[in-house]
Amino acid sequence: MQYDASGGGRYDLLVVGSANVDLVVGVERRPGPGETVLGSDLAVHPGGKGANQALAAARLGARAALLARVGDDEHGRLLLASQREAGVDTDGVLVGGAPTGVALITVDPSGDNSIVVSPGANGRLTPADVRAAAPLLAAARVVSLQLEIPLETVAEVTRGLAPDARLVLNPSPPAPLPAEVLAACDPLVVNEHEARYVLGAAAGDTPQDWVRGLLALGPRSVVTTLGAQGAVVAEGHADSLHHLPSPRVEAVDTTGAGDAFTAALAWRLGRGDDLRRAAAFAVRVGAAAVTARGAQDSFPTPEQVDAV
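Residues numbered from 1 in each chain as written. Predicted model: local features only at pLDDT ≥ 70, side-chain atom pairs only at ≥ 80, totals over all residues. Heavy atoms only, no water.

## What to know about the overall build of the chain
Applicable threshold: Strands are runs of DSSP state E lasting at least two residues, helices are runs of H or I lasting at least four, and both sets are numbered from the N terminus onward. C-alpha atoms define the radius of gyration, and 2.2 Å times the number of residues to the power 0.38 defines the globule rule. For each residue, the accessible area found with a 1.4 Å probe, counting protein chains only, is set against the maximum for its type, and the residue is called buried under 20%, exposed over 50%, and partly exposed in between.
Secondary structure assignment for the chain yields eleven helices and 13 strands. On C-alpha atoms alone, the chain measures out to a radius of gyration of 18 Å, which is about the 19 Å that the 2.2 N^0.38 rule sets for 308 residues. Overall, the chain is about 55 × 50 × 40 Å in size when its C-alpha atoms are taken along their principal axes. Looking at the chain residue by residue over its 308 residues, the buried ones come to 55%.

In structure tokens form, the structure reads like this:
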């Protein structure tokens, strides 16, 4: 397929990232070191931060595309089918090189989760793959990245952005970020754990401290997600800081809620919303997502967002 980078041929959002199958078990409590606990029957769901974000955006109405790598196996076919069913353009999804990535997820009764990821094919998405997909990048208004793919691949994406494209990065799982990547982020999207990792001992104690510290590292804007407390946003300087509260909902499962938030944020930025307005919408999307089980199964439609 030839990607058209002009006018109506542009994508609202290109997600470059991971595609995993989620293996989910419910537990009464997560085990400690050396401990075994019994859980629920195993549930298998399509997931991965990249695939999650692309599907979440498409479900909201975005014209979305995914650049990722999956294995030539049953899990890979499941992932491709779920993306296509949601309306995501999968021409950028490469097949082969390693088995499809797998995420092992435990969910406790409060909805909190713990996740271990085996990257598989995600680790074989290379800078050369990004360069080969240059027409796809040129066709994107906004590009969203995470860190479940190699860091050198993330850096290559920042170099290949269209001149007027916006980069949204969620550094998860957290890793040291090159200055060129940080400088391209608009915004850098982090939760508390990711903010504390990036800032280290200088993190401070409050979300406002984290946002100020992160802005000093060079991103154009920063969004810190706070779960049920909403999000804090700032762009350019700390004086622009705003707290955006979340609607009250009954959380069932937080798996994928951060991906739903980031996808909604990136999509609305691509539509022309300012950061504060886009993040306020994303907070509502994240709240709607935690009211259902699973990752992709929980991603809301516009009508479901309106209901929270």
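## Some points on the side chain of Glu 156
Put simply, the rule reads: In this analysis, two residues are considered to be in contact whenever any of their non-hydrogen atoms come within 4.5 Å of each other.
Within the secondary structure, Glu 156 is located in helix H5 (residues 151–159). Apart from the residues lying within four places of it in its own chain, the contact partners of Glu 156 are Pro 127, Val 130 and Arg 131.

## Quick word on the sheet that holds strand S11 (residues 221–225)
This is how the line gets drawn: Pairs of strands are assigned from DSSP output, requiring at least two bridges between the strands. The convention used is that axes are lines fitted to C-alpha atoms, helices contributing only their stretch in contact, and that angles between N-to-C directions extend from 0 to 180 degrees.
Across the sheet, which stays open at both edges, the nine strands sit in the order S5-S4-S1-S8-S9-S10-S11-S12-S13 with mixed pairing between neighbours. A strand with exactly one partner marks an edge of an open sheet, and here the two such strands are strand S5 (93–95) and strand S13 (242–244). For this sheet the average axis-to-axis angle between neighbouring strands, irrespective of direction, equals 20 degrees. Pairing of strand S10 (residues 185–190) with S11, which is carried by three bridges, proceeds in the parallel orientation. Within S11, the residue paired with Val 189 across the bridge is Val 223. Helix H2 (residues 74–86) contacts strand S4 (64–70) and S5 of the sheet and is inclined by roughly 180 degrees relative to S4.

## Comments concerning a nonpolar patch on the surface
The condition is simple: Residues enter a patch when their relative accessible area is above 30% and they make no salt bridge; the linking distance is 9 Å between like charges and 5 Å between nonpolar side chains (Val, Leu, Ile, Met, Phe, Trp, Tyr). Methods summary: accessible areas were calculated by the Shrake-Rupley approach with a probe of 1.4 Å, and residue burial reflects only the protein chains presented. Any carboxyl oxygen of Asp or Glu that lies within 4 Å of a side-chain nitrogen of Lys or Arg is treated as forming a salt bridge with it.
Nonpolar side chains collect at one region of the surface, where Leu 42, Val 44 and Leu 78 lie side by side and expose about 250 Å² of accessible area between them. Looking at the element boundaries, Leu 78 is found in helix H2.

## Some words on the nonpolar core
To keep things clear, this is the line we draw: Among buried residues, the Ala, Val, Leu, Ile, Met, Phe, Trp, Tyr and Cys ones that are joined through side-chain atoms within 4.5 Å form a nonpolar core.
In terms of nonpolar packing, the biggest core is built from 50 residues, with Leu 60, Leu 66, Val 223, Phe 261, Leu 265, Phe 281 and Val 285 touching the most fellow members. In terms of residues, this core owes the most to one element, helix H9 (residues 257–270), which gives nine residues. Leave out the neighbours within four places in its chain, and Leu 60 touches Ala 264, Trp 267, Phe 281, Val 285, Pro 300, Thr 301, Pro 302 and Val 305. In terms of nonpolar packing, the next biggest core, distinct from the first, is built from 43 residues, Ala 195, Ala 203, Leu 226 and Val 232 among them.

## Here's the deal with the side chain of Ser 298
So the rule is basically this: Distance and chemistry together define a polar contact, namely a pair of N or O atoms within 3.5 Å, with one atom able to donate a hydrogen and the other to accept it when in protein, and with adjacent residues in sequence counting only for side-chain atoms on both sides.
Tracing the backbone through its elements, the reader meets Ser 298 in the loop between helix H10 (275–289) and helix H11 (302–306). Under the relative-accessibility criterion, Ser 298 is labelled buried at 4%. Here Ala 289 takes part through its backbone oxygen, which lies 3.3 Å from a polar atom of the side chain of Ser 298. Setting aside its immediate chain neighbours within four residues, Ser 298 contacts Thr 255, Ala 288, Ala 289, Ala 292 and Arg 293.

## Brief notes about the confidence of the model for the chain
Atom-level detail of predicted coordinates should not be read off regions where pLDDT is low. In plain terms, the rule: pLDDT runs from 0 to 100 and stands for how confident the predictor is about each residue.
For the chain, mean pLDDT is 92; residues scoring 70 or higher make up 97% of the total. Taken as a whole, residues 1–8 scores under 50 in pLDDT and shows 18 contacts with residues more than four places along the chain or in a different chain.

## Description of the packing of helix H1 (residues 49–60) against H2
What counts here: For classification purposes, angles smaller than 35 degrees are called roughly parallel, those larger than 145 roughly antiparallel, those between 65 and 115 roughly perpendicular, and all remaining angles oblique. Crossing handedness is defined as follows: a turn of the near helix away from the far one that is anticlockwise and smaller than a right angle gives a left-handed crossing, while the clockwise case is right-handed. Three residue categories are used. Nonpolar comprises Ala, Val, Leu, Ile, Met, Phe, Trp, Tyr, Cys and Pro, charged comprises Asp, Glu, Lys and Arg, and polar comprises the others, including Gly.
H2 packs onto H1 with a crossing angle of 20 degrees between their chain directions and a minimal axis gap of 9 Å. Here H1 lies roughly parallel to H2, going by the angle between them. Considering the relative orientation of H1 and H2, their crossing is left-handed. Counting all contacts with H1, which are made through Ala 51, Ala 54, Leu 55 and Ala 58, the residues of H2 involved are Ser 82, Gln 83 and Ala 86. Considered class by class, the residues forming the contact of H1 with H2 number five nonpolar, two polar and no charged.

## Examining the environment of Leu 66
Among the structural elements, Leu 66 can be located in strand S4. Overall, Leu 66 belongs to the buried group, its relative accessible area being 2%. For the pair Leu 66 and Leu 23, spaced 43 residues apart in the sequence, the C-alpha separation amounts to 22 Å. If sequence neighbours within four positions are ignored, Leu 66 has contacts with Leu 14, Val 15, Gly 50, Ala 51, Ala 54, Gln 83, Val 88, Asp 89, Gly 92 and Val 93.

## Brief notes about the pairing of S11
Most of S11 sits inside the fold, with four of its five residues counted as buried. Across five bridges, the pairing between S11 and strand S12 (residues 231–235) is antiparallel. Paired with Ser 221 across the strands is Glu 235, a residue of S12.

## Side note on the pattern of salt bridges
If you walk through the whole model with that rule in mind, you get 15 salt bridges. Two residues, Glu 180 and Arg 159, come together in a salt bridge whose shortest N-O distance is 2.9 Å. Here the residue Glu 180 occupies a position in helix H6 (residues 179–184), and Arg 159 occupies one in helix H5, the gap between them amounting to 21 residues. Taking the relative accessible area as the measure of exposure, Glu 180 reaches 38% and is therefore partly exposed.

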